[in-house]
Amino acid sequence: MSPSTKLIPLVLALTLITLPALSQKVFTGIVKDAQSEEPVPFASISFIGTSMGKLTDSSGAFTFYLDKWPSDSLVITSVGYQPYRFSIDISQDSIIAEIPMERGTFNEGVRVKAKVNKGLLLWRKIVQNKNRNDRYRFDNFSYELYNKLEVDVKNVNFKRITRFKPLRSVGQLITPHMDSTENAKYLPTYLTEALSDYFFQKKPTKRREVIRAANTNGIKNESFVKYLGGMDQNINIYNNFLNVFDKQFVSPASDNGDIYYNYQVLDTQQVGSHRIYHLVFTPRRQGTNTFEGDCWVVAGSFAIQKMNLRLGASANVNFVENLSLIQEYSLINDSTWFLSKDKFVVDISPIGKNSPGVIGRKTTTYRNVVVNDTSVTSELAKNKVMEEVITLTGANEKDKNFWTDSRHEELSKSEAGIIQMIDTLMNAPSFQQLTRRIDFLATGYVDVGNVKLGQWYNWVTANSWEGFRVRFDVGSNKKFDKHWWYHTYLAYGFGDRKLKGKAELFYLPNKHPRRYWYGSYTNDLDFGQSYYGEVTQDNVFALAIRKQNVPLKFIKVDEKRFEFFNEHRIGLSELIAVTHKAFTPLRNIPLKDSFPVVANNGTPLTSFEISVRLRFAYLEKFLENTFFRSSLGSPYPIGELYLSRGIAGVFKSSYNYTKLSGSVSDYIKVPPFGSISYQVYAGRTFGTIPYVLLDIAPGNELYYYNKYAFNMMNRYEFIHDRFMGINWEHNIGNGIFRLFPKLKFRQFYTVKTLWGSLSDANRAYNFKQGNSFQSLDGKTYMEIGTGVDNILRVFRVDFIWRVLPNRLAEGSQTARFGVFGSFRLAF
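Conventions and cut-offs
Along each chain, residue indices are assigned from 1 in the same order as the chain's sequence is written. Given that the model is predicted, a residue must reach a pLDDT of at least 70 before its local features are reported, and side-chain atom pairs must reach 80 or more before they are shown or counted; all residues, however, enter totals for whole chains, interfaces and linings. The side-chain figures draw on all heavy atoms in the structure; neither hydrogens nor water molecules are used. Here a strand pair is declared whenever DSSP counts at least two bridges between the two strands. Put simply, DSSP H or I for four residues or longer makes a helix, DSSP E for two residues or longer makes a strand, and each gets a number counted from the N terminus. To obtain each axis, a line is fitted to C-alpha atoms, and for helices this fit is confined to the stretch in contact; angles are then taken between N-to-C directions over 0 to 180 degrees. Two rings belonging to Phe, Tyr or Trp (six-membered ring only in the last case) form a pair when the distance between their centres is within 6.5 Å. Interplanar angles under 30 degrees mark stacking, angles over 60 mark edge-to-face geometry, and anything in between is tilted. Each residue is placed in one exposure class: buried if its accessible area under a 1.4 Å probe, protein chains only, is under 20% of its type's maximum, exposed if it is over 50%, and partly exposed if it falls in between. Sitting over a ring, as applied to charges here, requires NZ of Lys or CZ of Arg to be within 6 Å of the ring centre and within 35 degrees of the ring normal. A cavity, in this analysis, means grid points on a 1 Å lattice covering only the protein atoms where a 1.4 Å probe fits yet has no way out; a pocket is instead an open set bounded by protein on both sides within 12 Å along at least five of seven lines, and a residue lines either one if it has an atom within 4 Å of a point. Grid points are joined across faces, edges and corners, and a volume is the space filled by probe spheres set on the points. Under the scheme applied, nonpolar residues are Ala, Val, Leu, Ile, Met, Phe, Trp, Tyr, Cys and Pro; charged residues are Asp, Glu, Lys and Arg; polar residues are all the others, including Gly. Nonpolar side chains (Val, Leu, Ile, Met, Phe, Trp, Tyr) are joined into patches within 5 Å and like charges within 9 Å, using only residues with over 30% relative accessible area and no salt bridge. Here the open area of atoms and residues is found with the Shrake-Rupley method and a 1.4 Å probe, where only the protein chains shown may cover a residue. Within this document, salt bridges are pairs made up of a side-chain nitrogen of Lys or Arg and a carboxyl oxygen of Asp or Glu, the two lying within 4 Å of each other.

1. Examining the sheet that holds strand β7 (residues 94-101)
- As summarised here, the arrangement of the three strands in space is β4-β1-β7, forming an open sheet in which the pairing is mixed. Of all the strands in the sheet, just β4 (61-66) and β7 have a single pairing partner and so form its edges. Sheet twist, expressed as the mean angle between neighbouring strand axes with direction ignored, is 15°.
- Bridge count between strand β1 (residues 25-33) and β4: six bridges; the pairing is antiparallel. Paired with K25 across the two strands is L66, which belongs to β4.

Okay, here's the thing in structure tokens:
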């Protein structure tokens, strides 16, 4: 809250005491943005039908002292907002008002009629003076950072919901906390706070954040706490591109801003000792990732004093109804403007403006700014890597008095009520039961004591070998133990009348840096490659999307596996594994008796293998739970090197061989041309072994698009002992659909290539009469694709062509062209 805003209650109190005696009329108020709740500075306020009026000050506040009311209505206008009409009760002597301004358009403010566009000239001055105003010009700096995140649920009719018996008791707990206005009804749902010290050094680049306190209100996830700080939330308005929901938007202060924006200077104001220009900007064309908004620029230094950014109506971002980004800068000495506050407000409406949705508000304030000081470099010298986030012991246990003294700004009444409501809900049995039901539907698992049961979508499936298949899983949860985890399942096929299953045990002695031990035993059918987010054949949803006329391949795997994983702080990790596998082909692939034993006393298709995987992912970030974690990616390429040695004569293993492979993958943003993801990989196998141990090119026999497989290739179609491949996907964004901005479709293209060959020995061992394997023999396999993404915001359609090799093998059941669908959730 600005100093001017804090003075309003005091001014009002004095007014109410002294002015009535003088029979004066007093109107005191503040004009705010209805969505972000930020003050609207220098808004025009006038009494309708008169010449009396004024502007709000730099904090959006205003006061009228009058002998009588000039009229019974006020009109408030400001560029970028809809006019607001306020009716006055003329029987009142004093009025207090908070006036919410709804979003309008900035187009009226950018009609340039003069021969010289002053807005364009001012933009050029901003760009020319970036090196004087960008905070990253300093060799180092630090500040104390206070972060507050609030989540509200909107447009939820709790009266209707409470008619549904399972939700009735929860609704009764929530309803007293509802906030309502004339236009909307919303429930303040969740609030977190964090207080940290942030340090930055330019050369060599180092960043460090020490989280001193975190108020997470029920969430005890340590990795979640790390993201409440400022390490991953810095938006620098002076950059050419700004990252919003993983999309690169052109900044109004971009070096090439004149290509994307129209600029116009509206007026000039005097704020304290500074003369400030009011600059308005709008997109030059629809369908581009640009903002609309305004900013205030200090004359002379051309530093940005305040920036208001809104998402344009034609911006291609899913589920977002409104978005505001406000940044304010303050002087830390006579000439240096430094970021003092930023606020991010987003209205997420998945199925429409008036349907249930979520409003998120993130407010960050900066204090105790220090620049170019040895205290900063001394703290950064503690870093073991370029970036470190440290959460101090006891950060989650600060009491109410600490937060009262340490917050940069007081909580509002509704924010304080959130904390009380969350505490009530978390201890309510009815709410706990509701969350368990929702979690079961979403994840497939349900917790019963310290045991986890599920997943429900694997309980019942069917295939031509097993017939009707049922499966049931049991595992431990975090209540069982913080270091030990177990999981097992049993499956039964009513067609083959065989029991299958898996048992696994996991021990995690250390999370940071990560170290674990893992052991498993599996006796089940091999259902093919399984990647996060992709559909496998062991799934009830796969029954309806299989390719026709492609025979199902069935192979049984009996596997014992032991792993040791160790990770270092620099991002290097080692995975050492010992694996014993016995394969039993069942249908539509060569059977076990086709392969004579190479080593004495061995069993066909049985191997014993020791392997080492080295992985380097510098500054990779993760979201973790008690035992497992999901990668959020790395700003650098990720490299992997894999070496394995097969040994014959161990537990009836039959093959001596050596495998060597490696890969490099990355995800790159290339604004304004979208993003590129790629993977380059290669490998070689030394030794004579059966097809189950060679490299089997990953095929896809479903009409559901698989990012990690060759979608126009069948499983077991190509085998190799030498291979190299490249997977490439370029998501362009709107692309040609920029011509139809209302559709909000997105364009992409994919290229997947593979080069492979097979030694004479492995060819003789595997290519026998009746076997349908192929090898590329040094030729190129290539499939290219394009398609339409973001159909109805969640669906993607891929059109894939198999362009190489030119000739299909005799009897091949693979088509040249295919259409694939997939379901994706992304902003």
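2. Side note on the pairing of strand β22 (residues 445-448)
- Relative to strand β23 (residues 451-454), β22 runs antiparallel, the two sharing four bridges. The partner of D447 across the bridge, within β23, is K452.

3. Concerning the packing of aromatic side chains
- The final tally for this structure, using the stated rule, is 48 aromatic pairs.
- Here Y136 and F200 contribute two aromatic rings whose centre-to-centre distance is 5.0 Å and whose plane-to-plane angle is 85°, an arrangement assigned as edge-to-face. Here F200 lies in strand β10 (residues 185-201) and Y136 lies in the loop between α3 (130-133) and β8 (140-154), a separation of 64 residues in the sequence.
- Relative accessible area serves as the criterion here: at 22%, Y136 is assigned to the partly exposed category.
- With a relative accessible area of 7%, F200 lands in the buried category.
- Note on Y261 and F281: the rings are 5.8 Å apart at their centroids and 80° apart in plane angle, and the pair reads as edge-to-face. Taken as a pair, Y261 in strand β14 (residues 261-271) and F281 in strand β15 (residues 274-283) lie far apart in primary sequence, 20 residues in all.
- Taking the relative accessible area as the measure of exposure, F281 reaches 0% and is therefore buried.
- Connected via pairs of aromatic rings, a cluster forms that spans Y136, F141, Y143, Y198, F200, F338 and Y366.
- We note R796 situated over the ring of Y705; from NZ or CZ to the ring centre the distance is 5.0 Å.

4. Side note on the sheet that holds strand β5 (residues 73-77)
- Pairing is antiparallel in the open sheet, where four strands are placed in the order β3-β2-β5-β6. Lying at the two open borders of the sheet, with one neighbouring strand each, are β3 (53-55) and β6 (84-87). Across the sheet, the mean angle separating the axes of adjacent strands is 20° when strand polarity is ignored.
- As paired elements, strand β2 (residues 44-47) and β3 share three bridges and run antiparallel to each other. Each residue of the ladder has a partner; that of S44, found in β3, is L55.

5. Section: empty space enclosed by the protein
- For the structure on display, the rule yields four cavities of 30 Å³ or more.
- By volume, the largest cavity amounts to about 190 Å³.
- Of all the elements in the fold, those that place two or more residues in the lining of the largest cavity are β16 (291-298), β17 (304-311) and β18 (320-331).
- With four residues, the top contributor of residues to the lining of the largest cavity is β17.
- Split into classes, the residues belonging to the lining of the largest cavity amount to nine nonpolar, six polar and six charged.

6. Details of a nonpolar patch on the surface
- On the surface, a cluster of nonpolar side chains totalling about 570 Å² of accessible area is made up of I576, V612, L614, L641, L643, L660 and F686.
- Elements that contribute at least two residues to the nonpolar patch include exactly β31 (606-616) and β34 (638-646).
- If you trace the backbone, L614 turns up in strand β31.
- Looking at L614, the relative accessible area reads 37%, which means it is partly exposed.

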